[in-house]
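Chain by chain, the residues:
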Amino acid sequence: MGKVIVVTSGKGGVGKTTSTAALGAALAQTGAKVVVVDFDVGLRNLDLVMGAERRVVYDLVNVIQGEAKLTQALIRDKRVETLFLLPASQTRDKDNLTPEGVERVITALKKAFDWVICDSPAGIERGATLAMRHADVAIVVTNPEVSSVRDSDRIIGLLDSKTLKAENGETMEKHLLLTRYDSARADRGDMLKVDDVLEILSIPLLGIIPESMDVLRASNVGSPVTLADGRSAPAIAYFEAARRLNGEALPVVVPGDKRGLFGKIFGRRAA
Amino acid sequence: MLTQPRPIRLKGRSFLALALSPELPVDDWLARLDDLAARSAGFFLRKPIVLDLANLDIGQAELRDLLAKLAARNVRIMGIEGARASLLAPDLPPALTDGKGTSDIEIPPAEETAAPVPAASPAPAGPAPVQARAHASLVLNQPVRSGQSLYHADGDVTVIGSVASGSEVVAGGSIHVYGALRGRAMAGTMGNATARIFCRKLEAELIAIDGFYKTAEDLEPGLRGKAVQIWLEGETIKVAALS
């Protein structure tokens, strides 16, 4: 049985889709069978970031409504053969997602894949609650700014009350993925620091993704950043986050601390 | 004409009343009531009593008769619950709705030496028959997340963790937060002016005790981020650092 991960945040534009694609590609490159599922019915984006927008025939809503088989809707990635995409419908809306239908699809995907990564829509309504409902693990994507942090806090509350795990009295495993982190701005006080975010949300840190042009560049060419340039700073951060998801105890390095170390060495030489 | 209009303070309160549920035939039920009154003198004296008519099918004349008979026994009815609107007239006690049940009231056993006393005799009230409800404490071992509302009317609330921005804790008693208080905290909401709020780090959006409130803007800036206690002095909210 595979593990179901929901990538969620409450707030829009913080990097849920980017992170879903990047983590999915990173996990798939280890040989694991991975499917990324777009739950943002009506505003789908994951197909673009995965570079599969021209290959979508059937989608999640077709499968839920019995118009297509699951195998017909799954799109295999052209670069990593263990990576699949289940796209959302762009022409329907979220009312087409039924709790029973979602449960059926997730159960089927769990049997066939090692990782089922659900890309949640923004907000706290039907789409978001159905995306998180069957999850085993939640990745809460947060930007280091107050509104994103508060929305994430709200989502953590929902993860602890509205999911199947919560209703069965179990605790949902939750991880914080801090994205678009800019150490220079955090140092200046324009952004929240890592410790501030962790103090407010009090869930374990999965990784810190530095703000980088590489992410935008990768999205524009339709490639997860972990496939486009494996040696870029955000790609390395996503690879490490994927290893932590796999259970490796890898220390999290705050971007900028490295530069601090470099600065120290440099400083010593100059003196 | 008032030259200086002053607002009138209105507050919601809930009180504990005894609910009497008469049964048919009424005379038999009254006889049993007399028996109870004989065993516990002054049981209904100066107590707020509500008449629950949900399971009683009587007309207005019979109701007036019942009220008169109860009044003769020093049972004063402050309100009527579960009655049809047509049954109640302006001179009858007002209708009450949404009553919440509490534990059954224990009737004190008859004292061995006490001879039966007429119910009407104003005997000094013995041991209070209405037992004070145990002030149950609520302890939460996790943070209160944004959007969550923790409501506990019966007693104190203790949060082991933080209270997030956009969340609220409402307690009948005091509120203790072993973390940062970033949301709203409302203590003593059931009319308890002695309730207090304690927190390790004051970042609250709003604090209130017994209906008196202060927003973040009204809080002294020097106390932000400090461990504080908050209490009510008269009608003023006081905040002081816990050293």
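Before reading further, recall that the structure is shown in the block above.
Residues numbered from 1 in each chain as written. Chains lettered and ligands numbered in written order. Predicted model: local features only at pLDDT ≥ 70, side-chain atom pairs only at ≥ 80, totals over all residues. Heavy atoms only, no water.

1. Comments concerning the packing of aromatic side chains
We count it as follows: Each pair of aromatic rings taken from Phe, Tyr and Trp, with Trp reduced to its six-membered ring, is defined by centres within 6.5 Å and is described as stacked if the planes are under 30 degrees apart, edge-to-face if over 60, and tilted in the remaining cases. A ring is considered to have a charge above it if a Lys NZ or an Arg CZ atom is located within 6 Å of its centre and within 35 degrees of its normal.
Overall, the coordinates contain 1 aromatic pair over all chains when judged by the stated rule. Of note, Lys 33 of chain A hangs over the ring of Phe 113 of chain A, and the distance from its end group to the ring centre comes to 4.9 Å.

2. Considering the interface of chain A and chain B
Selection criterion: Residue contacts are counted whenever heavy atoms from the two residues lie within 4.5 Å of one another. Summed over both partners, the accessible surface that disappears when two parts come together, traced with a 1.4 Å probe, is what is meant by buried area. Note on definitions: salt bridges are taken to be side-chain nitrogens of Lys or Arg within 4 Å of carboxyl oxygens of Asp or Glu. Three categories are distinguished: nonpolar for Ala, Val, Leu, Ile, Met, Phe, Trp, Tyr, Cys and Pro, charged for Asp, Glu, Lys and Arg, and polar for the others, with Gly belonging to the last.
The interface of chain A with chain B comprises 10 residues on the first partner and 13 residues on the second. Of the roughly 850 Å² buried between chain A and chain B, counting both surfaces, carbon and sulfur atoms make up 37%. Linking chain A with chain B are 3 salt bridges. In this structure, Arg 145 of chain B engages Asp 153 of chain A in a salt bridge whose closest nitrogen and oxygen atoms are separated by 2.9 Å. A per-class count over the side of chain A that touches chain B returns 4 nonpolar, 2 polar and 4 charged.

3. Focus: the pattern of salt bridges
In this structure the tally under the stated criterion is 21 salt bridges over all chains. Across the salt bridge formed by Arg 243 of chain A and Glu 248 of chain A, the nearest N and O atoms sit 3.0 Å from each other. Here the salt bridges do not stand alone but share partners, grouping Asp 27, Asp 65 and Lys 69 of chain B into one network.

4. Some thoughts on the packing of helix α7 (residues 146-159) of chain A against helix α10 (residues 194-201) of chain A
Helix packing geometry: the angle between the two helix axes and the distance between the axes. All names here are of chain A. Rule in force here: Every axis corresponds to a line fitted to the C-alpha atoms, with the helix fit spanning only the stretch in contact, and the corresponding angles, defined between N-to-C directions, vary from 0 to 180 degrees. Per the convention used, a helix needs a DSSP run of H or I reaching at least four residues, while a strand needs a run of E reaching at least two, with both numbered from the N terminus. For classification purposes, an angle smaller than 35 degrees is called roughly parallel, one larger than 145 roughly antiparallel, one from 65 to 115 roughly perpendicular, and anything else oblique. Working rule for handedness: look at the near helix, and if it is turned counterclockwise from the far one by less than a right angle, call the crossing left-handed; if clockwise, right-handed.
Two numbers describe how α7 lies on α10: the axes approach to 10 Å, and their chain directions differ by 30°. Classed by the angle they form, the pair α7 and α10 counts as roughly parallel. For the element pair α7 and α10, the recorded crossing hand is right-handed. Contacts between α7 and α10 involve Val 149, Ser 152, Asp 153 and Ile 156 on the former and, on the latter, Val 197, Ile 200 and Leu 201. Along the lines of polarity and charge, the residues of the contact of α7 with α10 split into 5 nonpolar, 1 polar and 1 charged.

5. Concerning the sheet that holds strand β12 (residues 206-209) of chain B
Residues and elements named next belong to chain B. We apply this condition: At least two DSSP bridges between two strands are required for those strands to pair.
Strand order across the open sheet formed by 5 strands is β6-β8-β10-β12-β13, with mixed pairing between neighbours. Where the open sheet ends on each side, the last strands, each with one partner, are β6 (149-152) and β13 (212-215). With strand direction ignored, the average angle separating the axes of adjacent strands in the sheet is 5°. The pairing of β6 with strand β8 (residues 168-171) spans 4 bridges and is classified as parallel. Among the inter-strand pairings, Ser 149 is bridged to a residue of β8, identified as Glu 168.

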